[in-house]
Amino acid sequence: MAVPESNSSLDPANWSELRQQGHKMLDDMFDYLEGVSERPVWQPIPDAARLPFSERLPAQGSSLDSVHQVFMEGILPYAVGNAHPGFMGWVHGGGTPVGMLAEMLAAGLNANLGGRNQIPVEVERQIVRWMRELFSFPDSASGLFVTGTSAANLIGVLIARRRAFGVEVRDDGTQTSNNVVAYTSAAAHGCIEQAMDIAGLGRKHLRKIPILADGTMNLAVLQQSIAADRAAGLQPFLVIGTAGSVDIGAIDDLEAIAALARREQLHFHVDGAFGAMAMLSPTHGAKLKGIELADSIAMDFHKWLQVPYDAGFLLARDGELHLSTFDDEQKTYLARDTRGIAAGSPWPCDLGPDLSRSFRALKTWFTFKVYGAGKLGQVIDHSCELARYLEQRIKADPTLEMMAPVNLNIVCFRLRCPEEVADAVNRELLIAIQESGAAAPSSTKVNGRLVIRAALFNHRSTTADMDKLLAAIARLSPGILAAHTPMSQNSQSTLPSLQDLTPQFDPDSPYLIGLAKLLTAAYFDVDLGPIGNTLIQHLQSAPDDHKAMMDLSTILYIRGNDEVAAATQLDAIQMQQLYHLPTAAGGKPGLRLLALMVTGDFMANTPLEFMLTGSDVALDVLYVTPYGDLPAELPPHDVLFVAVGESDMTRDLLEELCEAVEGWDTPLLNHPRPSLNLSRDRVGELLQDKPELSIPLTARIDRYDLEELQNGAAGLTSFLSDGEFPLIIRPIGSHAGKGLEKLLAPADIAAYLEAHDGDEFFISRFVDYSSPDGLFRKYRIVLIEGRPFLCHMAISENWMVHYLNANMTGENSFKRDEEAAVMRNFDQDFAERHQAAFDVLNQTFPLDYYGLDCAETKDGRLLIFEVDTGMIVHAMDPVDMFPYKQDNMRNVFAAFQNMLHKAKDSANDSAG
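All figures in this text were calculated on a predicted structure; none of them were measured in a lab.

K.L.:
When you look at the packing of aromatic side chains in this model, what are you seeing that I'm missing?
P.N.:
To describe a pair of aromatic rings, you give the distance between the ring centres and the angle between the ring planes. Applying the stated criterion to the full structure yields 21 aromatic pairs. Where Phe-145 meets Phe-301, the ring centres are 5.6 Å apart and the plane angle is 50°; that geometry is what we call tilted. With a gap of 156 residues between them, Phe-145 in strand S2 (residues 142-146) and Phe-301 in the loop between strand S7 (296-300) and strand S8 (312-316) connect regions that are remote in the sequence. In this pair, the class of Phe-145 matches that of Phe-301, namely buried. With a centroid separation of 6.0 Å and 50° between ring planes, the pair formed by Phe-165 and Phe-237 is classed as tilted. Placement of Phe-165 in helix H6 (residues 149-165) and of Phe-237 in strand S5 (residues 235-242) is noted, with a sequence separation of 72 residues between them.

K.L.:
When you look at the sheet that holds strand S18 (residues 693-694) in this model, what are you seeing that I'm missing?
P.N.:
Two orientations exist for strands paired in a sheet by backbone hydrogen bonds: parallel and antiparallel. With respect to topology, 5 strands assemble into an open sheet ordered S18-S26-S25-S23-S24, the strand pairing being mixed. Each having just a single partner strand, S18 and strand S24 (787-796) make up the two edges of the open sheet. Here 2 bridges tie S18 to strand S26 (residues 862-868), and the two strands are oriented parallel to one another. Opposite Leu-693, over in S26, you have Leu-862 as the bridge partner. Strand contacts of helix H26 (residues 813-824): strand S23 (776-784) and S24, with the helix running at about 165° to S24, the strand carrying the most contacts. Set on the sheet, helix H28 (residues 835-844) makes contact with S18, S23, S24, strand S25 (849-856) and S26; between it and S26 the angle comes to about 30°.

K.L.:
Explain unusual backbone geometry here, please?
P.N.:
Note: most peptide bonds trans; most residues except glycine with negative phi. The step from Tyr-309 to Asp-310 runs through a cis peptide bond, and the omega angle for that step is -10°. Within the secondary structure layout, Asp-310 lies in the loop between S7 and S8. Along the chain, Phe-725 connects to Pro-726 via a cis peptide bond; the corresponding omega equals 5°. If you trace the backbone, Pro-726 turns up in the loop between helix H24 (703-710) and strand S20 (727-731). The phi dihedral of Ser-136 falls on the positive side, at around 55°, and the residue is not glycine. In this fold, Ser-136 is placed in the loop between helix H5 (119-135) and S2. At Asn-447, a position not held by glycine, the phi torsion is positive, near 55°. As for its placement among the helices and strands, Asn-447 is situated in the loop between strand S11 (440-446) and strand S12 (449-455). A residue is classified by how much of its surface remains accessible, and Asn-447, at 70% relative accessible area, is exposed.

Calculation rules
- Within each chain, residues carry numbers counting from 1 in the order of the written sequence.
- Local features in this predicted model are restricted to residues whose pLDDT is 70 or higher, and side-chain atom pairs enter the listing and the counts only when it is 80 or higher, whereas totals over whole chains, interfaces and linings include all residues.
- Each side-chain value is derived from all of the structure's non-hydrogen atoms; neither hydrogens nor water enter the calculation.
- Whether two aromatic rings pair depends on their centres lying within 6.5 Å, for rings of Phe, Tyr and Trp, where Trp uses its six-membered ring; planes under 30 degrees apart make the pair stacked, over 60 edge-to-face, and the rest tilted.
- Helix and strand assignments come from DSSP, with helices taken as H or I runs of at least 4 residues and strands as E runs of at least 2, each series counted from the N terminus.
- Relative accessibility under 20% of the residue-type maximum defines a buried residue, over 50% an exposed one, and the middle range a partly exposed one, all with a 1.4 Å probe and only protein chains included.
- We call two strands paired when DSSP finds no fewer than two bridges between them.
- The criterion used for residue contact is that any of the two residues' heavy atoms lie within 4.5 Å.
- Convention adopted: a line fitted to C-alpha atoms gives each axis, helices being fitted over their contacting stretch, and angles between N-to-C directions are expressed from 0 to 180 degrees.

This is the structure we're talking about:
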């Protein structure tokens, strides 16, 4: 009969269009891999991103381009992230571009590797020969590609079962083996137990032998267990060694296990999921001594060898035993021949349970052929070196502790904290690190305690990624620890002295403890909990002690309890608006400074206490509320300083102060009018088109507009005239990098909005200010009467630079050396080079004192990030580590104090 013509073919009608789209898809993946380190490692998946994947089965097709866009916007950004160099979770390889291309070739060929007379089968057989060579197995050994080591371990158990009970076990089943026992380490992967289950042998027939302190199987207990089981009439048949335990990377004594297995006539299988590949390493291969004596080895090429998923492998010493475990003589349409397509028996499907098998061998073959065994061994060595580097950094950090020895490339550690909250704190910290996008470690249990586990398998990872992990911990841990630690705990630190800080509640003393003392104590890891508890207990009997309440609010702000801190501070101010701090130097004050401040945390106002270090200045703080009445008369003082910082909450107050200060007959510093121009968007607007410096425009944008931008309903230039992705985004009103992220594409907006609750945000174009060495250098400078002073320079591998997370301590002495040199030569070098830019800033913002965070562009201009009066500058850093900072900061403080005395003297001269 005639078959009607139809369009049943799935090939394209226009191959040219498909070719063009295919090139675009390939380029998109190259772009992804090339720039993967610029993305978050992982990010939470918003509900909006999950929604399209609940659609019903499509009856009609869509264009390839549109489906590809769904992939780019809805799938690619929300993968687990193991291609990223910051991925340290579980045991995942990072893949390679070469492997990706090989996978594309294999998919195009679409070969079924069940068997038959084809070269793809010979490719798999060549890798079997390579593995025989690598592990010194005989030529009669067999091998098989499988999905992963879980399947390979199952096959190893089945081969051992066949060896122990003969071929009849395949017919009779488990009734002939219900008294069998197998042995493995208590640290072995759970798939071993699963293999006993699937093989019909039963999980209770697997003996889990305790481990030693180094994580390896206790062989004395193993020997005793075998003897006890034999005495009980049971039949031991299998012992499984581990080459790289999943928790800490421990390698059992494989040579000793092999000898024991020979004596006891047991099948010796090795789970070498990742560790077996250490055989490629000239440095670590010797740790696997004895693996060449195994009867079977399970391994994965998609872990340490970076082959794209999936590429598991089983190597069996006795090829005939392996074949008889699976081969079926009753073949019908699978009958073999000596010629034609059905030649070439035995086939891979005769060595395992799968008949339909993908061409996994091709991407593995490409990996070995393109990179070579030597280069792959270097990758393995490098990840082990990174583990040693991370271990050293952790040991040098008093806030962290190692929890297991580093055997290969797995590092287990945790944040130090009270034992009763340690698991909860470290679990929360782990999730916070993952959700931050900075790194993605996982967790495990070591000696029953939850630990953070960094498994370093990605060939793209560098020491910079280890530093980013630790920087994220330093940034995230204080708040998490404070939230889990009662104020009564952790009073062990003695620098500075708790006795010096604890208030005596002298009714005749008008002074606060103050921000400077409390923040310095926290900086040196003094637990402020006991002081906070003392204040709370005191306030129960003296609820109107506004000084105690104000100090308590400061402690609460430092510990991250902002809402309670704000309420406590407001209660104090409603009782009393004026607060006193003594001169830093003690004795009779040489100058009385009155500062006008507003409610808020310690970045809401100019933190003057630090600037008065070592001075004869007594500080009085008069709090004014954004919606309250300004005082008609000011308390006695010599100099008035408007310390109120710019924010949406304080704009009306600053406007009122502009009028009020005109009626106050007082020497005034930091007139409020220029501060009105210090919002991020206004600073960017005022400094545009200034050739002396560089600053990207900043725009305010609300949540709705961001959603419009994300879904393509609005263009970026309608909000930001110089805008292009990547963008920098932060919630309006945030400080110190809170909520600050880089958005690489509109698709990243949804996840950001899911993670942040604000209604309004600042966005600006990202500027790559990295130096030729790839590091980012950020400067904090204050201008006092127009003159710039460097307060610190942070050097980081990450574009988001803060001094506390830039790893300026520890082994990074080169960073401190560079900072010291820049400080030493600042006036003759940096300040002189950018004098024209500082002149523009002083003309634009005529303030007596302000700060700026800045960098240098690649063409040498001053790049401005922020201009503000509320930046904290201090000399709290340890003198032994930062000896150069003390003299530098003394000069900064002296300049500020001289400014105050000049204002006082000028007023006296005018009055005289």
